[in-house]
Amino acid sequence: MVVFGLPVEQLYLIVLIVAGLATVLYLFFGDVADGAGEALPFLNPAVILAFITFLSASGFIFENVTGLGSVTILAVSAGVSAVLSFLLYFFVLLPLRSAEASTAYTEESLLGQVGRVITPVPEDGFGEVVIETVNGLISKRAAGLENAAIDYDREVLIIEIREGTLIVKEYEPFRFKELS
């Protein structure tokens, strides 16, 4: 069969090469196109490029190996490509996206957290505080609220952040009084 003046096998091969090159370019410049996959997950450029790559690769193989008609091969290749793209999305791309999001933190997310002083905070100076999170320990420079001094190993509450420095005050947990 001839399509666009080319044999079908050659057309599949050209599409495979172009999709492969587009995938490599997407690896390097993918951050620009990442917003497209937020609305509908199957419009994710990685899934679309994978679908086209799988379609052209399986079509090329089936054209050379089997004696089926070109329309049947296209339909079978589309089915194979849809299944492989589905598996790629749910077993590779989704776990990678959630893993990437789970290791990040912003300074604003530290507000209101309780930390422990590991380097004493002098009056009108800086010390160091460590905050325990689900991702591990984070140590940051800290200054006392209203330039207060805070001793080593005291629990502190993060009040605000100024130019990367945590502004903290000594933490006093609320304790219920026992009724007699």
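Look above for the structure.
First things first, this report covers the structure right here in the doc. Position numbers for residues start from 1 in each chain and track the written sequence from start to end. A pLDDT threshold of at least 70 governs which residues receive local features in this predicted model, and a stricter bar of 80 or more applies before side-chain atom pairs are shown or counted, although totals over entire chains, interfaces and linings include all residues. The side-chain quantities take in all heavy atoms of the structure and omit both hydrogens and water.

## What about the overall build of the protein?
Consideration 1: Put simply, DSSP H or I for four residues or longer makes a helix, DSSP E for two residues or longer makes a strand, and each gets a number counted from the N terminus. Along the backbone of the protein there are four helices and seven strands.
Consideration 2: Going residue by residue from the N terminus, the α and β elements of the protein occur as β-β-α-α-α-α-β-β-β-β-β.
Consideration 3: When a residue's accessible area, from a 1.4 Å probe over protein chains only, is under 20% of the maximum for its type it is buried; when over 50% it is exposed; and in between it is partly exposed. Going through the 180 residues of the protein one by one, you find that 24% of them count as buried.
Consideration 4: Here the contacts in the protein between residues at least 6 apart in sequence split such that 49% fall between residues at least 24 apart. By the convention used here, residues are in contact when the closest approach between their heavy atoms is within 4.5 Å.

## Notes on helix α3 (residues 45-65)
Consideration 1: For a helix, the expected span equals 1.5 Å multiplied by the residue count minus one. Its 21 residues place the ends of α3 30 Å apart at the C-alpha level, agreeing with the 30 Å of an ideal helix rising 1.5 Å per residue.
Consideration 2: Among all positions in α3, only Pro45, Ala46, Val47, Leu49, Ala50, Leu55, Ser56, Ser58, Gly59 and Glu63 are buried.

## Remarks on the pattern of salt bridges
Consideration 1: By definition here, a salt bridge exists when the distance from a side-chain nitrogen of Lys or Arg to a carboxyl oxygen of Asp or Glu is within 4 Å. Overall, the coordinates contain five salt bridges when judged by the stated rule.
Consideration 2: For Arg116, the salt bridge identified is with Asp153, shortest N-O distance 3.3 Å. On the criterion of sequence distance, the pair formed by Arg116 in strand β3 (residues 114-119) and Asp153 in the loop between β5 (136-144) and β6 (155-162) is long-range, its members being 37 residues apart.
Consideration 3: Exposure remark for Arg116: the relative accessible area of 33% places this residue in the partly exposed category.
Consideration 4: Judged by its relative accessible area of 40%, Asp153 falls in the partly exposed class.
Consideration 5: With a shortest N-O distance of 3.0 Å, Glu170 and Arg154 are connected by a salt bridge. Here Glu170 is found in strand β7 (residues 165-170), whereas its partner Arg154 is found in the loop between β5 and β6, with 16 residues between them in sequence.
Consideration 6: For Glu170, a relative accessible area of 32% translates into the label partly exposed.
Consideration 7: The class of Arg154 is partly exposed, set by a relative accessible area of 37%.
Consideration 8: Put simply, Arg116, Asp153 and Glu155 are held in one network by salt bridges that share partners.

## Some remarks on the sheet that holds β5
Consideration 1: One closed barrel holds the five strands; their spatial order is β3-β4-β5-β7-β6, and the pairing between them is mixed. For this sheet, the mean inter-axis angle between neighbouring strands, taken without regard to orientation, is 55°. A pair of strands is labelled paired if DSSP reports no fewer than 2 bridges between them. Orientation is described by axes fitted as lines to C-alpha atoms, over the contacting stretch for helices, and by angles from 0 to 180 degrees between their N-to-C directions.

## A few points about the nonpolar core
Consideration 1: Nonpolar cores were defined as sets of buried Ala, Val, Leu, Ile, Met, Phe, Trp, Tyr and Cys residues, with membership established by side-chain atoms within 4.5 Å. In this structure, Leu110, Val117, Val121, Val129, Ile131, Ile138, Ala142, Ile150, Val156, Ile158, Leu166 and Val168 together form the largest nonpolar core, which totals 12 residues.
Consideration 2: At the level of secondary structure, the elements contributing two or more residues to this core comprise β4 (127-133), β5, β6 and β7.

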